[in-house]
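Each chain, letter by letter, is given below.
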Amino acid sequence: MKMFDSEEKFRTMVDFSYDWEKWMLPDGSYEYMSPSCERITGYTKEEFAADPDLLLKITHPDDRQMMIEHQSQHLCPETEKAELEFRIITKSGQVRWIWHECNSVFKQDGTWIGRRISNREITDKHEAETILQRERNMFLHGPVVTFTWRNSENWPVEQVSGNVFGLLGYSAKEFIEGSILYASLIHPDDFDRVSSEVTTHSNDNSLSFIHEPYRLVTCSGNTIWVIDTTTIIRNDQEDITHYQGYLVDISEQKRQEQIVLESAMQQEQLKHFESLKTMAGAIAHRFNNAMMAVQGNLELMIETLSDDSDEYKMASDAAQAAKGASQVGSMMLSYVGQRPLQLREISLFDLVRECSPTIKDLSCPSVSLKVIPPAQELYCSIDQQQIQEVLENILTNAVESLENSTGTIEISFGEEYYTTDSFPIAFQAKDTKDGVYAFFQIKDTGQGISPENLPRIFEPFYTTQFVGRGLGLALAVGVMRKHRGGVTITSTLTKGTTVRVLLPPISSSQQTVPSSQGVQNENVELSGDILLVDDDEIILGIGKMTLEQLGFTVHTFINGKEAVDKVCKQDIDFCAAVMDISMPVMDGIEAMKIMRTIDPAMPILLISGYSENDFPLPKEQGDRPDCFMRKPFRLDDLRESLEKLLSSC
């Protein structure tokens, strides 16, 4: 009776078990199956009893082979215990995870009587573990690297996430074993600041803090930027034992910030450059007008003096100095690219060869100058004078870099493909294009330029020699931008500098034959009535004396309207008109347009302290002046221009 009661209690307990319990006999049939099978699978114990293969049939297809192998290997008396996890598809079509455990059952005499099987549904647990593992994998392979440092010198690492290798190129093992100290990876320029931040926040009872971004040096020697959020860990006595940091690589963010900053700086430079252009034009105009008065008076004085007099020598010296001073305006306009181009097709080798006297003057006996001709001629359409000025400035720098010691300067030539983004920023103009550029190259064996000084080499008045040297290579900026070219510089301290002047080439099919139309007619007689219009009374007076000396009868006016009114009367047959452009009441351009309607055949020469390109002159040839001259100009220049104008009448 007691045994019966015990069996009844045991069966009752198993029948109401939450897990799905089974007793499988040696022949594969079930001696017992708890009712929980229906809750877990949707199938009753009667259905399982009727079909011994039902469990295999409802096993998920991806796990079925595993279940077949389990049954063949473990459902035998030799296997005492086995465990596995697998999925089933319930009667309603749901996928559930099952934890399966089975072990052999024996009688007291050792007879095998089957296997006791316990199946527990672990769907929720498995999904939670899957999510946790997914998040862990995401963390381990994500951008955040965790460190735990001891509060000791150089912050030895106790724990670090495995993804540290992807960030720094060192394994977690190297850090934990101490072969790599974290402090040794902090960039030297940032170490004191990082250390100070740790000390400051450690002393003010902070729980955590965020470092200002700092740099780490990776295993490969590269530098990366990180943001470090650090938690301070204290023991029960409030002593700091560890620091735990979460590091995120922000190198790309820093790179983008640098691009934005450089772009903003470049835009600011362009605005500054435009302001300089406006200012340079205004200064040059006023300066050139003033120098016109100086040069004009000196030339008129020289014409009246005896060649062997002291006064003649003083006036000649002053005129020569005034000529040099008048180049200041041209230099300023060269820098901002406002100096007009007088284009001529010339080979680069001929350009250098024609400049050879100047090159020899620049060099000294201790300097060996070599010019290596190109394999074939390289032709460009250039303003020869301006490009030669660029060449002379580069050669001056090369000679100075040798510091009066023995050395070599070599000039060579070539062609090469360039993208404009490889040019220094100063030459990255909108109208400059990628393509093949012809170049002449100046290579010296001088002292070289340090990396920190190299980006400043095109700044006006910048020099490593002494203050106030001059515009130097800054002249090349405006000149080369105007030519749609550029200048590249490579340099190594103590080894020398190589400068390439790049210019758009002209193919042999594009070359033109020089025309003979512009040849001066030396037999033209300079005489007749001529208009002279300028709002500056000093220049008006000098111009009148100059034109009278050439042989003209001069009629002067202080603005364009007065000159137009005189032409309208048609009481004088003017042979030509010389007019300033910038004048009050009516400027020279407007006056020219009206005069052309009255007397289309009258030659008109416009003059200005500004560049010709600064004015909205008409594009049509018939509406343009017959000639333009920039102040200050010499008496001979004015004579040549008038001879040319009158010879074509």
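Residues numbered from 1 in each chain as written. Predicted model: local features only at pLDDT ≥ 70, side-chain atom pairs only at ≥ 80, totals over all residues. Heavy atoms only, no water.

1. As for the pairing of strand β22 (residues 574-580)
Defined as follows: A 1.4 Å probe rolled over the protein chains alone gives each residue an accessible area, and that area as a share of the maximum for its type sets the label: buried under 20%, exposed over 50%, partly exposed in between. Helix and strand definitions here come from DSSP, where helices need a minimum of 4 consecutive H or I residues and strands a minimum of 2 consecutive E residues; each element is numbered from the N-terminal end. Strands are treated as partners if at least two bridges between them are detected by DSSP. Orienting the strands away from the viewer, one traces the path from the first strand over the helix to the second; a clockwise path indicates a right-handed crossover.
Burial analysis of β22 places seven of its seven residues in the buried class, the great majority of the element. In this sheet, strand β23 (residues 604-608) lies alongside β22 in parallel orientation, the contact comprising four bridges. Considered in β23, the bridge of Met579 is made with Leu606. For the handedness criterion, the β-α-β arrangement of β22, helix α18 (residues 588-598) and β23 is classed as right-handed.

2. Topic: the sheet that holds strand β13 (residues 367-371)
To keep things clear, this is the line we draw: Angles run from 0 to 180 degrees between N-to-C directions of axes, and those axes are lines fitted to C-alpha atoms, restricted for helices to the stretch in contact. Contacts were defined at the residue level, with two residues in contact if any of their heavy atoms lie within 4.5 Å.
Overall, mixed pairing links the five strands, which are arranged β13-β15-β16-β18-β17 in an open sheet. The strands lining the two open edges of the sheet, one partner per strand, are β13 and β17 (486-492). Strand-to-strand twist of the sheet, defined as the mean angle between neighbouring strand axes without regard to direction, takes the value 20°. Relative to strand β16 (residues 435-444), strand β15 (residues 407-418) is paired through 10 bridges, and the arrangement is antiparallel. Residue pairing in the sheet places Ile409 in a bridge with Asp444 of β16. Of the strands in this sheet, β15, β16 and β18 (496-503) touch helix α14 (residues 384-401), which is tilted by about 35° from β16.

3. Observations concerning the confidence of the model for the chain
Note the threshold: The predictor reports its confidence for every residue as pLDDT, a score running from 0 up to 100.
Averaged over all residues, the pLDDT of the chain equals 83, while 84% of them reach at least 70. Across the chain, the element-wise mean pLDDT spans from 55 in helix α1 (residues 2-15) up to 95 in strand β9 (residues 214-217). Across residues 466-470, where pLDDT falls below 50, the model places five contacts with residues more than four positions away in sequence or in other chains. Note that residues 513-521 has pLDDT below 50 and, in this model, four contacts with residues that lie over four places away or in other chains.

4. Quick look at empty space enclosed by the protein
Counted only if it meets this: A 1.4 Å probe that fits into a set of points on a 1 Å grid over the protein atoms alone but cannot get out defines a cavity; an open set with protein on both sides within 12 Å along at least five of seven lines defines a pocket, and lining residues are those with an atom within 4 Å of a point. Grid points are joined across faces, edges and corners, and a volume is the space filled by probe spheres set on the points. Gly is put with the polar residues, along with every residue not named as nonpolar or charged; the nonpolar set is Ala, Val, Leu, Ile, Met, Phe, Trp, Tyr, Cys and Pro, and the charged set is Asp, Glu, Lys and Arg.
In the structure shown here, the tally under the stated rule is three cavities of 30 Å³ or more. Of the pockets and cavities examined, the largest cavity occupies roughly 180 Å³. Looking at the largest cavity, it is lined by 17 residues, and the ones nearest its centre are Met292, Gly543, Thr546, Phe633 and Leu638. When contributions to the lining of the largest cavity are tallied by element, the ones reaching two or more residues are α10 (251-304), α16 (537-550) and α19 (635-647). Among the residues making up the lining of the largest cavity, the classes are represented as 11 nonpolar, four polar and two charged. A volume near 100 Å³ is recorded for the second largest cavity. In terms of lining residues, the second largest cavity is bounded by Trp149, Trp155, Tyr182, Ile186, Val194, Val198, Phe209, His211, Tyr214, Asp228, Thr230 and Tyr243. When contributions to the lining of the second largest cavity are tallied by element, the ones reaching two or more residues are α9 (188-203) and β10 (223-234).

5. A look at the pattern of salt bridges
Just so we agree on the cut-off: Salt bridge criterion: a side-chain nitrogen from Lys or Arg within 4 Å of a carboxyl oxygen from Asp or Glu.
Using the criterion set out here, one finds 25 salt bridges in the structure. Here Arg215 and Asp190 are joined by a salt bridge, their closest N and O atoms 2.9 Å apart. Here Asp190 lies in helix α9 and Arg215 lies in strand β9, a separation of 25 residues in the sequence. Accessibility expressed as a relative area gives 5% for Asp190, which makes it buried. With its nearest N and O atoms 2.8 Å apart, the salt bridge here joins Glu416 to Arg500. Taken together, the residues Glu416 in strand β15 and Arg500 in strand β18 connect sequence positions 84 residues apart. Given a relative accessible area of 18%, Arg500 falls into the buried group. Taken together, the shared-partner salt bridges connect Asp190, Arg193, Glu197 and Arg215 into one network.

6. Focus on a negative patch on the surface
Put simply, the rule reads: A patch is a set of surface residues, each over 30% in relative accessible area and not in a salt bridge, joined within 9 Å for like charges and within 5 Å for the nonpolar side chains Val, Leu, Ile, Met, Phe, Trp and Tyr. We get accessible surface area from the Shrake-Rupley algorithm with a probe of 1.4 Å; when it comes to residues, only the shown protein chains can shield them. The charge count includes Lys and Arg as positive and Asp and Glu as negative, but it does not include His or the ends of the chains. Charged side chains are reduced to one point each, which is NZ for Lys, CZ for Arg, CG for Asp and CD for Glu.
Together, Asp307, Asp308, Asp310 and Glu311 make up a negatively charged patch on the protein surface. When you line up the elements, Asp307 lands in the loop between α10 and α11 (310-335). Relative accessible area serves as the criterion here: at 60%, Asp307 is assigned to the exposed category.

7. With respect to the pairing of strand β20 (residues 528-533)
Note that β20 and strand β21 (residues 552-557) share six bridges and pair parallel. Looking at β21, one finds that Leu531 is bridged to His555. Tracing the backbone out of β20, into α16 and back to the parallel element β21 gives a crossover that is right-handed. Both β20 and β22 contribute to a ladder of five bridges, which runs parallel. Paired with Ile530 across the bridge in β22 is Ala576.

8. Some remarks on unusual backbone geometry
Of note, the phi angle at Asn205 is positive, near 60°, even though the residue is not glycine. With respect to the helices and strands, Asn205 occurs in the loop between α9 and β8 (208-210). The backbone phi angle of Gln570 is positive, close to 55°, even though this residue is not glycine. Inspection of the secondary structure puts Gln570 in the loop between α17 (560-569) and β22. According to the relative accessible area criterion, Gln570 is exposed, its value standing at 57%.

9. Points about the packing of aromatic side chains
To keep it simple, the criterion reads: Note on aromatic pairs: the rings of Phe, Tyr and Trp (six-membered ring only in Trp) are paired at centre separations within 6.5 Å, and the planes decide the class, stacked below 30 degrees, edge-to-face beyond 60, tilted for the rest. Sitting over a ring, as applied to charges here, requires NZ of Lys or CZ of Arg to be within 6 Å of the ring centre and within 35 degrees of the ring normal.
In the structure shown here, the tally under the stated rule is 12 aromatic pairs. For the pair Tyr418 and Tyr437, a centre-to-centre distance of 6.5 Å together with 85° between the ring planes defines the contact as edge-to-face. Highlighted residues: Tyr418 in strand β15 and Tyr437 in strand β16, separated in sequence by 19 residues. One exposure class covers both Tyr418 and Tyr437, and it is buried. Here the aromatic cluster, defined as three or more aromatic residues joined through ring pairs, consists of Phe147, Trp149, Tyr170, Phe175 and Tyr182. Positioned over the ring face of Trp225 is Lys254, at 4.5 Å from the centre of the ring. The side chain of Arg500 reaches across the aromatic face of Phe439, ending 3.9 Å from its centre.

10. Things to note about the sheet that holds strand β19 (residues 505-506)
Spatially, the three strands line up as an open sheet ordered β12-β14-β19, and their pairing is antiparallel. Every other strand in the sheet has two partners, leaving β12 (343-347) and β19 as the edge strands with one partner each. As defined by bridge partners, strand β14 (residues 379-383) adjoins β19 across two bridges and the pair is classed as antiparallel. Looking at β19, one finds that Tyr379 is bridged to Ile506. Most of the contacts of α14 go to β14, to which it runs at about 95°, and overall it touches β12 and β14.

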